[in-house]
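Architecture at a glance
Letter by letter, the chains look like this.
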Amino acid sequence: MKKILDFRIVENRHFNENYSLLVITPADYSTLPRMRPGQFVQVAIPGCGITLRRPISICDVDVEENRLSLLVRKAGKGTTHLISMEKDEIINIVLPLGNGFSIDGIDSDRRIFLIGGGVGAAPLLYLSKALRKKGITPTTLIGARTPADLLMIDEFSRYSDVRTSVESQDAPDHCGLVTQHPILSESFDMIYCCGPAPMMKAVAGIAKERGIECEVSLENMMACGLGACLCCVEKTVRGNVCVCTEGPVFNINQLTW
Amino acid sequence: MVNLNVNIGGLNLKNPVMTASGTFGYGIEYSDFIDLNRLGAYIVKGTTLNPREGNPYPRMAETPSGMLNAVGLQNKGVDFFISHIYPVISAYDSELIVNVSGASIDDYVTVAEKLMPLERINAIEVNISCPNVKQGGMAFGTTTDGAAQVTKAMRQAWDKSLIVKLSPNVTSIVDIAKAVEAEGADSVSLINTLLGMAIDVERQRPCLSTVTGGLSGPAVRPVAVRMIWQVAHAVSIPVIGLGGIMDGRDAIEFMLAGARAVQLGTANFIDPAVTMKVIDYMTDYCERHGVKDINEIIGMI
Ligand SMILES: Cc1cc2nc3c(=O)[nH]c(=O)nc-3n(C[C@H](O)[C@H](O)[C@H](O)COP(=O)(O)OP(=O)(O)OC[C@H]3O[C@@H](n4cnc5c(N)ncnc54)[C@H](O)[C@@H]3O)c2cc1C
Ligand SMILES: Cc1cc2nc3c(=O)[nH]c(=O)nc-3n(C[C@H](O)[C@H](O)[C@H](O)COP(=O)(O)O)c2cc1C
Ligand code: FES
């Protein structure tokens, strides 16, 4: 069931001037609703001159501590305000929203490949944790512009075998685009991908060519996040469908890319 | 106990709070957050004769204190509504109102004829004012002749309560309101979205695929209040007010200006439970002001 809840900020971990991890917990101490990897939340950000809520992926859920983490990248007014918020401030959130990645009933011998670009890596952390619980250690490839934008590598390493790809020369691992990383030549059964649209399209192209099943998480502009306004649609083989309810995760077979 | 009961052209509502078409889906989308049975009425999304895919993405852009949309009446058509949606939503104890759109008068009439046998639909809202479709829609709503023609045809096809939804994108909304009243509308609702436009200056492209779109949200509220006040003084049928209502205070503002009921649209996106808060606020407000019946405050200005 979806809820509207006030959350208290437990910690705002600033990685650099553009990225923050907000760790939050329900202000009324109620138990977090069950959330699936790949689902998202709608955050109200008052006091910065914006009107609509902003959709943010669920980056991690800590059931024992009853905490939720959101990885936020400064993109405009709303996110700039959000990453500057302080411990104990309250934010109002509608959650959980969207479908999430399909991992129910996945076999533990499957070779899983997660590919994240920039802040798009966010939902893959919770996904890798869920896969690890199922006895799968996925390979995670994270792409970023600079080494400073490679975030939460330690956390990812807890649940997966991590590779990185950075566009600048001082790359710790591979230098270039994620789609040029040598790990891509290995064989996989399934790819889960989230990042900028051009990156996801390139990954989808590779997956199709090699016959690997692939899911991508889209970031279309949203107003309601509930399937009511029909603003967020993506063209699919079944016509225009709402990304906020039938997505944000889609099997690439469903898309017209 | 304060009486919140209002009558809108033969339609009896337990309170004046409705939801605006296109912003509330079929209501079910909000059932986790609110008790749909508490609403005075809810208006389902724009329904057309044939299924429509709507406009290409992007269809939405946030603007100062509001948003532009260019959904373009995406819906699965009236037959799908009757066979798949109506059986589910007819279980709720609020008045259900279908918002009807068409590209021709025949389209409007056929949809009305198909809806007529549905027992739980006691009213339709005729959208003669959608700015997001090329054919029809707003074309009917921007001239007194066009508005009168659609209303006349619908009056013949529809025996139950007939609401005509007016466009603010006209020189004189009062003239349009008078024209639809003369042709037998039971009430008018206003305003639909204001035609607007926004440009992404970095990409040097319009924000919407359709270039222009409909502006809604708090940005349009003063325009809506003015139009409701003007129309309420000019016609004798009830006026339903909407456009930028975000909370209970705003809803009262519309009623003071002459609205007998209100609709909440964009506000549902920001607070999915806003309608319940507005209903509670109305009771509070009346108690604070020593008003026993909310009808006493309608059109005080
Ligand atoms: C399902 C989903 C999950 C997301 N997950 C994350 C995440 O985990 N971390 C993160 O930092 N960002 C995430 N985003 C993107 C985030 O929603 C936008 O960066 C944010 O809305 C920008 O708001 P702003 O006010 O800062 O910027 P604005 O000045 O409003 O806009 C800057 C840019 O952000 C994008 N944007 C603006 N409004 C919206 C909107 N309502 N919906 C979608 N995109 C918008 C547009 O491309 C716009 O050009 C996600 C988006 C979606 C749809
Ligand atoms: C996303 C969206 C879709 C809409 N679709 C319809 C529609 O199908 N039919 C209609 O008559 N009005 C439609 N409207 C207009 C609203 O019902 C309402 O008239 C307008 O948004 C002003 O009210 P508000 O400021 O409270 O949102 C739509 C508005 C929005 C934002
Ligand atoms: S954002 Fe409203 S339907 Fe998806």
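The structure this text deals with has already been given above.
Residues numbered from 1 in each chain as written. Chains lettered and ligands numbered in written order. Predicted model: local features only at pLDDT ≥ 70, side-chain atom pairs only at ≥ 80, totals over all residues. Heavy atoms only, no water.

1. Details of the site of ligand 1
Residues and elements named next belong to chain A. In the vicinity of ligand 1 there are 20 residues, among which P55, L71, R73, G78 and T79 approach most closely. Here an oxygen atom of ligand 1 and a backbone polar atom of G76 are 3.0 Å apart. One nitrogen or oxygen atom from the side chain of T79 is found 2.5 Å from an oxygen atom belonging to ligand 1. Burial of ligand 1 by the protein amounts to 81% of the accessible area it has alone, namely 860 Å². Those elements that provide at least two residues to the shell around ligand 1 are β4 (54-57), β6 (67-73) and α1 (77-83). Looking at the shell around ligand 1 residue by residue, the classes come out as 11 nonpolar, 5 polar and 4 charged. (Near = heavy atom within 4 Å. Polar contact = N/O pair within 3.5 Å; in protein donor to acceptor, adjacent residues only side chain to side chain. Areas by Shrake-Rupley, 256 points an atom, 1.4 Å probe, with all protein chains shown as cover. Helix = DSSP H or I, 4+ residues; strand = E, 2+ residues; numbered from the N terminus. Nonpolar A, V, L, I, M, F, W, Y, C, P; charged D, E, K, R; others polar.)

2. A few points about the sheet that holds β4 of chain A
Residue and element names in this part refer to chain A. Strand order across the open sheet formed by 7 strands is β4-β3-β7-β1-β2-β6-β5, with antiparallel pairing between neighbours. Looking at which strands have only one partner, the edges of the open sheet turn out to be β4 and β5 (60-62). When strand polarity is set aside, the average angle formed by the axes of neighbouring strands in this sheet is 35°. Two elements, strand β3 (residues 40-44) and β4, share 4 bridges in a ladder whose sense is antiparallel. Following the sheet pairing, F40 is matched in β4 by S57. Across the sheet, helix α2 (residues 122-133) is in contact with β4, β5 and β6; its angle to β5 comes to roughly 45°. (Pairing = 2+ DSSP bridges. Axes fitted to C-alpha atoms, helices over the stretch in contact; angles between N-to-C directions. Contact = heavy atoms within 4.5 Å.)

3. Brief notes about the pattern of salt bridges
Using the criterion set out here, one finds 17 salt bridges over all chains in the structure. The salt bridge partner of R54 of chain A is E62 of chain B, with a shortest N-O separation of 2.7 Å. Of this pair, R54 of chain A sits in strand β4 while E62 of chain B sits in strand β5 (residues 60-63), on two different chains. Among the salt bridges present, the one from R155 of chain B reaches D186 of chain B, with a minimum N-O distance of 2.8 Å. With R155 of chain B in helix α4 (residues 144-157) and D186 of chain B in the loop between α5 (173-182) and β10 (187-190), the pair connects residues that are 31 residues apart, well separated along the chain. Take R155 of chain B: its relative accessible area is 21%, and that puts it in the partly exposed class. Assessed through its relative accessible area of 22%, D186 of chain B is described here as partly exposed. (Salt bridge = Lys/Arg side-chain N within 4 Å of Asp/Glu carboxyl O. Buried < 20%, exposed > 50% of the residue type's maximum accessible area, 1.4 Å probe, protein only.)

4. Quick notes on helix α6 (residues 221-234) of chain B
Structural remark: α-helix, 3.6 residues per turn; residues separated by three or four positions point the same way. Its 14 residues give α6 of chain B an end-to-end C-alpha distance of 20 Å, which sits within 8% of 20 Å, the value for a rise of 1.5 Å per residue. Along its buried surface, α6 of chain B packs onto α5, β10, β15 (239-241) and α7 (248-257) of chain B. (Expected span 1.5 Å × (residues − 1).)

5. Looking at the environment of M276 of chain B
All names here are of chain B. The residue M276 is located in helix α9 (residues 274-288) in this model. As for M276 and I191, which are separated by 85 residues in sequence, their C-alpha atoms are 22 Å apart. Those residues in contact with M276 that lie beyond four places of it in its chain are I34, D35, R38 and L39.

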